[in-house]
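Chain and residue survey
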Amino acid sequence: MSFSVSFPGIDCISRLFSSRQVKVGVLRLDQVHPVVSGNKWFKLRYYLEAALTGKKKTLVTKGGAWSNHIVATAYAAAASGLNSTGIIRGEEPAQLSSTLQQAEKAGMQLVFTSRTDFAQLSPASLLPENMNLEDCYFVNEGGYGIAGAEGMCTALEGIRLQEYSHLICAAGTGTMTAGLLKAALPGQTVITIPVLKGYTGLEAAIRNLLTTEENKKIFSVIDGYHEGGYAKKSEPLLNFMNEFYNETGIPSDFVYTGKLFRAVTDLLNKNYFPPGSSLLIIHSGGLQGNRSLPKGKLIFG
Ligand SMILES: *Cc1c(COP(=O)(O)O)cnc(C)c1O
């Protein structure tokens, strides 16, 4: 496969929280690839392998106009010699989002679908009639699935996991969280911060991807940091992201990682973590989605 990602580094930001007596590291998955950033390549890798092994020609998946998963799929499929089709939520707009422009440039065929059809119909039934379903390999929205979680697990290869008491990430579908739980060592706690509002099925969705043994690991969903819902952004969130960048040099996105860093900062300030804890926060990328914001809202590009 003509595709590779660079090894992620860990930035230590403990000094921001020096009075809390905890160590805080940020795993920079946002830096592994310029387009297929963050968790997306790791979640996709075994689906790509399965598609190639099954001699499929086209990877089919679905997502919104600013979806990190759509652009990552377009790029990773092309780099693997596969075609890709993205079923997109909503009618075709006059002007494509930069995400969809990038996906199209990588060769993805975009199929625009009304919101109702998108929610209710199977991906196969939404494809153009001339497409041969036998040639298609279907990947769930957001890469949800066991193969996605197992791929995510490989993002932690080569990291000295035993140095951490807590592994912390944001959750959309929960696939990344399930990957962290698969990788977690005995005694380690996995914490996940939901970015959707009222997704009561999240914990079950995560647990469905785990074995009985993995389900015994220590795990908390900490809700209340979604800022009103998926992709909702408040001025305080954007201000926080700017301040966090000023203090750490780490850019974040307003859909996932901005909420994640804000949540962890709040939990630290409330002394949620016992002294001596050592946190590994997963920066899962997604910075391209910030292009949907009006210019000037963020001090980093
Ligand atoms: C997709 C995405 C997530 C959510 O991952 P899930 O596995 O769906 O929970 C988190 N952060 C970023 C930046 C993402 O793009």
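Everything that follows concerns the structure shown earlier in this document.
What counts as what
- Residues numbered from 1 in each chain as written.
- Predicted model: local features only at pLDDT ≥ 70, side-chain atom pairs only at ≥ 80, totals over all residues.
- Heavy atoms only, no water.
- Buried < 20%, exposed > 50% of the residue type's maximum accessible area, 1.4 Å probe, protein only.
- Helix = DSSP H or I, 4+ residues; strand = E, 2+ residues; numbered from the N terminus.
- Pairing = 2+ DSSP bridges.
- Right-handed = clockwise from strand over helix to strand, strands pointing away.
- Near = heavy atom within 4 Å.
- Polar contact = N/O pair within 3.5 Å; in protein donor to acceptor, adjacent residues only side chain to side chain.
- Areas by Shrake-Rupley, 256 points an atom, 1.4 Å probe, with all protein chains shown as cover.
- Nonpolar A, V, L, I, M, F, W, Y, C, P; charged D, E, K, R; others polar.
- Axes fitted to C-alpha atoms, helices over the stretch in contact; angles between N-to-C directions.
- Contact = heavy atoms within 4.5 Å.

Quick notes on the pairing of strand β7 (residues 166-171)
A regular strand carries its side chains on alternate faces of the sheet. In terms of burial, β7 is largely enclosed, as six of its six residues are buried. Across six bridges, the pairing between β7 and strand β8 (residues 189-194) is parallel. Across the sheet, cysteine 169 pairs through a bridge with threonine 192, a residue of β8. For the crossover from β7 across helix α7 (residues 175-183) to β8, the handedness is right-handed. The pairing of β7 with strand β10 (residues 278-283) spans three bridges and is parallel. Bridge assignment links histidine 166 to a residue of β10, and that residue is leucine 279.

Some details on the site of the ligand
In the vicinity of the ligand there are 14 residues, among which Lys40, Lys43, Asn68, Thr173 and Ser284 approach most closely. A distance of 3.2 Å is found between an oxygen atom of the ligand and a side-chain nitrogen or oxygen belonging to asparagine 39. For the ligand, an oxygen atom lies 2.8 Å from a polar atom in the backbone of methionine 176. When the ligand is considered free in solution it has 390 Å² of accessible area, and contact with the protein chains removes 98% of it. Elements with a contribution of two residues or more to the shell around the ligand: α1 (40-53) and α7. Classifying every residue of the shell around the ligand gives three nonpolar, nine polar and two charged.

Thoughts on the sheet that holds strand β3 (residues 58-63)
Pairing is parallel across the open sheet formed by four strands, whose spatial order is β5-β4-β3-β6. The open sheet has two edge strands, β5 (108-113) and β6 (136-138), and neither has a second partner. Direction aside, neighbouring strands of the sheet carry axes that sit 25 degrees apart on average. Two strands pair when backbone bridges link them, and strand β4 (residues 83-89) and β5 are joined in this way by six bridges, in the parallel orientation. Residue pairing in the sheet places serine 84 in a bridge with methionine 108 of β5. Sitting on the sheet, helix α2 (residues 68-79) is in contact with β3, β4 and β5, with an inclination near 170 degrees to β3.

Considerations on the sheet that holds strand β9 (residues 218-221)
As summarised here, the arrangement of the six strands in space is β1-β2-β10-β7-β8-β9, forming an open sheet in which the pairing is mixed. The strands lining the two open edges of the sheet, one partner per strand, are β1 (10-12) and β9. Taken pair by pair, the neighbouring strands of this sheet meet at an average axis angle of 25 degrees, ignoring direction. Along the sheet, helix α10 (residues 257-269) makes contact with β2 (23-28), β7, β8 and β10, crossing β10 at roughly 165 degrees.

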